[in-house]
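# Working through the structure, step by step
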Amino acid sequence: MARSRRLFAAVLSVMLSLVLTLQTDMTVRAAGSSDYLQDLRGGVAALLNPGAANSTEIVNAQAKQWNLDFSKEEKEEEEENFENLVMVNVKKVLNVRSEARDDAEKIGKIYKDGGGTILERKDGWTKIQSGNVIGWASDAYLLFDEEAVALAKDVGKTVATIEAETLRVRQKPEPDAEVLGLLPGGEIVDVLSQDRENGWICIDYSGKEGYVSAEFVSLKFTIDVGETMEEYKARLKAEKEAARNVNYGAYTADADTTLLLAALIHCEAGGEPYEGQVAVGAVVMNRVRSSAYPDTIHGVIYASGQFTPAMSGKVNRVLESGKIYESCIKAAEEALSGVSNVGDLTHFRRVNGREGLVIGNHVFY
């Protein structure tokens, strides 16, 4: 009986959010879109009819999409998503091998703070899938269970992909709140928090907190994944950069590379004070110098699961447009020259209570 009441409450919440969002946040569909109307009628009909064969599945699927916590079963299922998680426990790089032995062929590598999925375990070795890398690694260099989850939550992040043609970003989690701007379909943004009860997602919108309807986004938790040896060699071949001067911390780069770093700074900290822009550039350069990350600017910026604007293609679009703030170009040049106002720190994110060096809206750690 209690479960039925929870289900009924969830249905009402879904229906109310659906109606409000369709009125205010969905872009106008093309006239004569009969498939869309038919889908809408079918979905609502199933929700209204608890006896429909697929009504429970529809409600549960919607709850998962919105991350609504309305049942113990759903909560347990969410926890199970981390059951096969494995994280690397190294200061530099973990070698992934073709077989479960030290002298087996090296087929890939996973950098510090990376992880993947457990496929098999035997004799102190674990078969992992991390990106396109599928192979064996010694358990001595891996974290499992609670330790793996704790590290993943610390270094990973949740991103939202916009699934509507255009989606309004609002100042508050309310259907009639002021509109801050629009996001195009396919755009990927960082998630700051989730309002599970009301179906809103708080995102990082150009350095500000914005809210989007959860119905029109898909959420994904991301961590860094590995690269095969073929991918590693191809990346090195494609990157045409000058050698760095490790002794002085300077990195000699051509104009294209400087603008690539500037484009990332523009995307990550364009609305931040100049000190914050230099700090983002310094984080990239600290990673380049560290043996725990790719040793080129291109490799660091496009590493999987790291910089959301690079994942979404926004860095490329800004780079191609040539519309990069002058302050971001200057900050890139300073970072390339060896200037760092964050020491040797290699991470940053929006201020969220984490301890670290706070500059503007970012905390560096």
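Residues numbered from 1 in each chain as written. Predicted model: local features only at pLDDT ≥ 70, side-chain atom pairs only at ≥ 80, totals over all residues. Heavy atoms only, no water.

### Brief notes about the packing of aromatic side chains
Summed over the entire model, instances satisfying the criterion amount to two aromatic pairs. When the centroid spacing of 6.3 Å and the interplanar angle of 35° are considered together, the rings of phenylalanine 307 and phenylalanine 348 count as tilted. Remark: phenylalanine 348 occurs in strand β18 (residues 348–350) and phenylalanine 307 occurs in the loop between α9 (297–301) and α10 (308–312); sequence separation between them is 41 residues. Accessibility assignment for this pair places phenylalanine 307 and phenylalanine 348 in one class, buried. A relative accessible area of 14% means that phenylalanine 348 is categorised as buried. Members of the aromatic cluster, joined through ring pairs, are Phe307, Phe348 and Phe364. In this structure, lysine 109 is placed above the aromatic ring of tyrosine 232, and the distance from its NZ or CZ to the ring centre is 3.9 Å. Here the basic side chain of lysine 330 rests over the ring of tyrosine 274, its NZ or CZ set 5.4 Å away from the ring centre. (Phe/Tyr/Trp six-rings, centres within 6.5 Å; stacked < 30°, edge-to-face > 60°. Helix = DSSP H or I, 4+ residues; strand = E, 2+ residues; numbered from the N terminus. Buried < 20%, exposed > 50% of the residue type's maximum accessible area, 1.4 Å probe, protein only. Lys NZ or Arg CZ within 6 Å of the ring centre and 35° of its normal.)

### Focus on empty space enclosed by the protein
Throughout the structure, instances matching the rule amount to one cavity of 30 Å³ or more. Its volume calculated, the largest cavity comes out at about 40 Å³. Lys112, Asp113, Val155, Ile223, Asp224, Arg287, Tyr293, Gln306 and His347 are the residues that line the largest cavity. The residue inventory of the lining of the largest cavity, partitioned by class, reads three nonpolar, two polar and four charged. (1 Å grid on protein atoms, 1.4 Å probe; cavity = no way out; pocket = protein on both sides within 12 Å on 5 of 7 lines; lining within 4 Å. Points joined across faces, edges and corners; volume = space filled by probe spheres on them. Nonpolar A, V, L, I, M, F, W, Y, C, P; charged D, E, K, R; others polar.)

### A short note on the side chain of aspartate 113
Counting through the fold element by element, aspartate 113 comes out in the loop between β3 (106–111) and β4 (115–122). For aspartate 113, a relative accessible area of 10% corresponds to the buried category. In terms of polar contacts, aspartate 113 uses its side chain to reach the side chain of tyrosine 293, at 3.5 Å. Side chain to side chain, aspartate 113 and histidine 347 meet in a polar contact 3.1 Å long. Beyond its immediate chain neighbours, meaning those up to four positions away, aspartate 113 contacts Met87, Val88, Leu151, Val155, Asp224, Tyr293 and His347. (Polar contact = N/O pair within 3.5 Å; in protein donor to acceptor, adjacent residues only side chain to side chain. Contact = heavy atoms within 4.5 Å.)

### As for the sheet that holds β18
Spatially, the three strands line up as an open sheet ordered β18-β20-β19, and their pairing is antiparallel. Each edge of the sheet is formed by a strand with only one pairing partner; in this case those strands are β18 and β19 (357–359). Averaged over all adjacent pairs, the angle separating strand axes in this sheet is 30°, with direction ignored. Relative to strand β20 (residues 362–364), β18 runs antiparallel, the two being bridged by three bridges. If you follow phenylalanine 348 over to β20, its bridge partner there is phenylalanine 364. This element, helix α8 (residues 274–289), spans β18, β19 and β20 of the sheet and lies at about 40° to β20. (Pairing = 2+ DSSP bridges. Axes fitted to C-alpha atoms, helices over the stretch in contact; angles between N-to-C directions.)

### Digging into the pairing of strand β12 (residues 200–205)
Summarising burial for β12: six of the six residues are buried, a large majority. Burial along β12 is two-sided: the face carrying Trp200, Cys202 and Asp204 and the face carrying Ile201, Ile203 and Tyr205 are both buried. As judged from the four bridges shared by strand β11 (residues 188–195) and β12, these two strands associate in the antiparallel manner. Looking at β12, one finds that valine 191 is bridged to isoleucine 203. Note that β12 and strand β13 (residues 208–213) share six bridges and pair antiparallel. Looking across to β13, one finds that isoleucine 201 is bridged to valine 212. The antiparallel hairpin formed by β12 and β13 contains two residues in its connecting segment, where serine 206 sits at a positive phi of about 55°.

### Quick look at the packing of helix α7 (residues 255–269) against α8
Look at α7 against α8: their axes get within 9 Å of each other, and the N-to-C directions meet at 125°. In terms of orientation, α7 and α8 fall into the oblique class. Judged by the sense of rotation from one axis to the other, the crossing of α7 with α8 is right-handed. Taking contact as the criterion, the partners of Leu261, Leu264, Ile265, Glu268 and Ala269 in α7 are, on α8, Gly276, Gln277, Val280, Gly281, Val284 and Met285. (Parallel < 35°, antiparallel > 145°, perpendicular 65-115°, else oblique. Left-handed = near helix turned anticlockwise from the far one by under 90°.)

### A short note on the confidence of the model for the protein
Averaged over every residue, the pLDDT of the protein is 77; the share at 70 or more is 72%. This model gives residues 240–248 a pLDDT under 50, and the stretch forms 15 contacts once residues within four places in sequence are excluded. (pLDDT = per-residue confidence, 0-100.)

### Concerning unusual backbone geometry
Phi at aspartate 123 is positive, roughly 50°, even though this residue is not glycine. With respect to the helices and strands, aspartate 123 occurs in the loop between β4 and β5 (125–130).

### Topic: α7
Here α7 is 15 residues long and its end C-alpha atoms lie 20 Å apart, about the 21 Å a rise of 1.5 Å per residue gives. Within α7, twelve of the 15 residues are buried, leaving the element largely enclosed by the surrounding structure. Along α7, the residues that are buried comprise Thr257, Thr258, Leu260, Leu261, Ala262, Ala263, Leu264, Ile265, His266, Cys267, Glu268 and Ala269. (Expected span 1.5 Å × (residues − 1).)

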